[in-house]
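Spelled out, the chains give:
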Amino acid sequence: MKKLWKNCHIATMQNGQYSSIEHAAMVTSGQHIHWIGTFEDLPADAYSETIDLNGAWVTPGLIDCHTHSVFGGNRSVEFEKRLQGVSYAEIAASGGGIASTVRATREASEQELLASALKRVRCLLKDGVTTIEIKSGYGLDYANERKMLRVIRQIADTLPMTVRSTCLAAHALPPEYKDQSDAYIEHICNEMLPKLHQEGLVDAVDAFCEYLAFSPAQVERLFKTAQSLNLPIKLHAEQLSALGGSSLAARYQALSADHLEFMTEDDVKAMAAAGTVAVLLPGAFYFLRETKYPPLQSLQQHGVRIALSSDLNPGTSPALSLRLMMNMGSTLFRLTPEQTLAGVTTHAAHALGLQETHGTLETGKVADFIAWEIEHPSEIVYWLGGDLPKRIIQHGNEISI
Ligand code: NIG
Ligand code: FE
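In the nomenclature of an unreviewed UniProt entry, the protein chain corresponds to Imidazolonepropionase from the organism Acinetobacter proteolyticus. In its Function (unreviewed entry) section, the UniProt record describing the protein chain reads: "Catalyzes the hydrolytic cleavage of the carbon-nitrogen bond in imidazolone-5-propanoate to yield N-formimidoyl-L-glutamate. It is the third step in the universal histidine degradation pathway." In its Pathway (unreviewed entry) section, the UniProt entry covering the protein chain states "Amino-acid degradation; L-histidine degradation into L-glutamate; N-formimidoyl-L-glutamate from L-histidine: step 3/3."

*Asks:* I would appreciate a short explanation of the UniProt feature "binding site: N-formimidoyl-L-glutamate" (unreviewed entry) in the protein chain in the present structure.
*Replies:* Residues given the UniProt feature "binding site: N-formimidoyl-L-glutamate" (unreviewed entry) here are Tyr 138, Asn 313 and Gly 315. Judged by maximum C-alpha separation, these annotated positions cover 178 residues in sequence but sit close together in space, the widest gap being only 11.5 Å. Position of Asn 313 relative to the elements: it lies in the loop between β12 (306-308) and α12 (322-331). What makes Asn 313 buried here is its relative accessible area of 5%. Those residues in contact with Asn 313 that sit more than four places away from it in its chain are His 68, Phe 71, Tyr 138 and Pro 318. Structurally, Gly 315 is set in the loop between β12 and α12. For Gly 315, the residues in contact, after removing those within four places along its chain, are Arg 75, Glu 78, Arg 82 and Phe 287.

*Asks:* I would appreciate a short explanation of the UniProt feature "domain: Amidohydrolase-related" (unreviewed entry) in the protein chain in the present structure.
*Replies:* In this numbering, the UniProt entry assigns the feature "domain: Amidohydrolase-related" (unreviewed entry) to residues 57-376. Annotated as 44% helix and 15% strand, the span residues 57-376 places its first and last C-alpha atoms 7 Å apart.

*Asks:* I keep staring at the nonpolar core and nothing clicks. Help me out?
*Replies:* As a rule of thumb, nonpolar side chains are buried together in soluble globular proteins. Counting 97 residues, the largest nonpolar core has Val 70, Ile 155, Ile 188 and Val 202 as the members making the most contacts within it. Beyond its immediate chain neighbours, meaning those up to four positions away, Ile 188 contacts Ala 169, Ala 170, Leu 193, Pro 194 and Leu 222. In this structure, Leu 53, Ala 367, Phe 369 and Ile 393 belong to the second largest nonpolar core, which totals 17 residues.

*Asks:* Looking at this structure, I do not really get the site of ligand 1. What am I missing?
*Replies:* By nearness alone, 15 residues border ligand 1, and Arg 75, Tyr 88, Tyr 138, Gln 239 and Thr 316 come closest of all. The side chain of Tyr 138 places a nitrogen or oxygen atom 2.6 Å from an oxygen atom of ligand 1. Between Asp 311 and ligand 1, the recorded distance is 2.9 Å, taken from a side-chain N or O atom to an oxygen atom. For the shell around ligand 1, the residue count by class is 4 nonpolar, 9 polar and 2 charged.

Reading the values: the criteria
- Here, residues in each chain are numbered from 1, in the same order as that chain's written sequence.
- To label them, take the chains in the order written and letter them from A, then take the ligands in the order written and number them from 1.
- In view of the model being predicted, local features appear only for residues whose pLDDT reaches at least 70, and side-chain atom pairs are presented and counted only at 80 or more, with totals across whole chains, interfaces and linings using the full set of residues.
- Note that water and hydrogens are dropped before the side-chain values are worked out from all heavy atoms of the structure.
- UniProt positions are given in the numbering used here, feature names are shortened, and annotations may be inferred rather than shown by experiment.
- Put simply, DSSP marks the helices as runs of H or I at least four residues long and the strands as runs of E at least two long, and each gets a number from the N terminus on.
- Burial classification: accessible surface area is computed with a 1.4 Å probe over protein chains only, and a residue below 20% of its type maximum counts as buried, one above 50% as exposed, and the rest as partly exposed.
- Whether two residues are in contact is decided by their heavy atoms, any of which lying within 4.5 Å being enough.
- Only buried Ala, Val, Leu, Ile, Met, Phe, Trp, Tyr and Cys residues count toward a nonpolar core, and they belong to the same one when joined by side-chain atoms within 4.5 Å.
- One heavy atom within 4 Å of a molecule or strand is enough for the residue carrying it to be called near that molecule or strand.
- We define a polar contact as two N or O atoms separated by no more than 3.5 Å, with the added condition that, inside protein, one atom must be a possible hydrogen donor and the other a possible acceptor, whereas residues neighbouring each other in sequence contribute only through side-chain atom pairs.
- When residue character is reported, Ala, Val, Leu, Ile, Met, Phe, Trp, Tyr, Cys and Pro are called nonpolar, Asp, Glu, Lys and Arg charged, and the others, Gly included, polar.

Rendered as structure tokens:
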């Protein structure tokens, strides 16, 4: 059953560039791309369906490779406090911040968490996101991390999206382990992670390497366990201070190190050598009114892949539009629209280890694509929010949302 998608232009995003094909056509067979090229070169064949895309620009489905979409409550009151001058670190030290979302998440039932997360993830889907990574990390004990990870699996069962789950049990210290962070890390390594992995709930492991969370030595302990379980690694690193977490992540062949405002030249070199993707999170940078920029030029000079993501979370980035993050990537970080589009397609696919199947439009890859009613791909980055007219195709089927 082959479908012909015609009358379009295609930004394939191969090699991290638009790699445009104008006056293009695409043939899908089941869930995959069977053929892609100019309409002129379309081979004669029989199609079960022909879809006219009316001159749209087609891009790969967007990939949001770093989110905390599942959580109880929200932190709008904390936002007000921060605007009055209280810092993120001060709020965390006084029992607010991540700890307050942990309390709300523990209190919420699986059904409640699913319902609230679906509302948020649907916003991203409507914005053109067909693949999303979602982290746990607001449960911080076996039962509640499991509850979050089960909700992530249910999101995958409910929405027409590819969903990757990441265990972020090492996000913050739970109250039960006050002043015993080493013991909590041991508990994750010896009990929680092996069990959650055995239940098929974990696709990758992440941690928050920061002075107000876990040290590089503690993160390394976790990485060793992840490695022994054959689980890919990611890391929140260098968001608020320079601890060398990104170099550590590179040493362990991490898929990505994320945030990175405080990273050093040595960290950049280590990531370049390891092929670890730099995931930049302009929403958190903006929302925390950060002034220290990630070293964009150095990352580019050393050829590190740069992905962009929403970091959707209640504390530092309540972002419901990946396109808005792309705009921020260009305005705040000076990435070109082409680089930001590569950051949410091909580079984001690498950040999830999905580069063989996702992130670019080419023969054999999954047929996830967006047909945008625009004149040029830069428009995807140009408009600030809103509902940009588009058709969303996931696994070869147009979806209505
Ligand atoms: O990616 N940096 C740590 N984790 C989240 C924030 C989580 C929160 O404040 O709830 C982040 O910014
Ligand atoms: Fe995050």
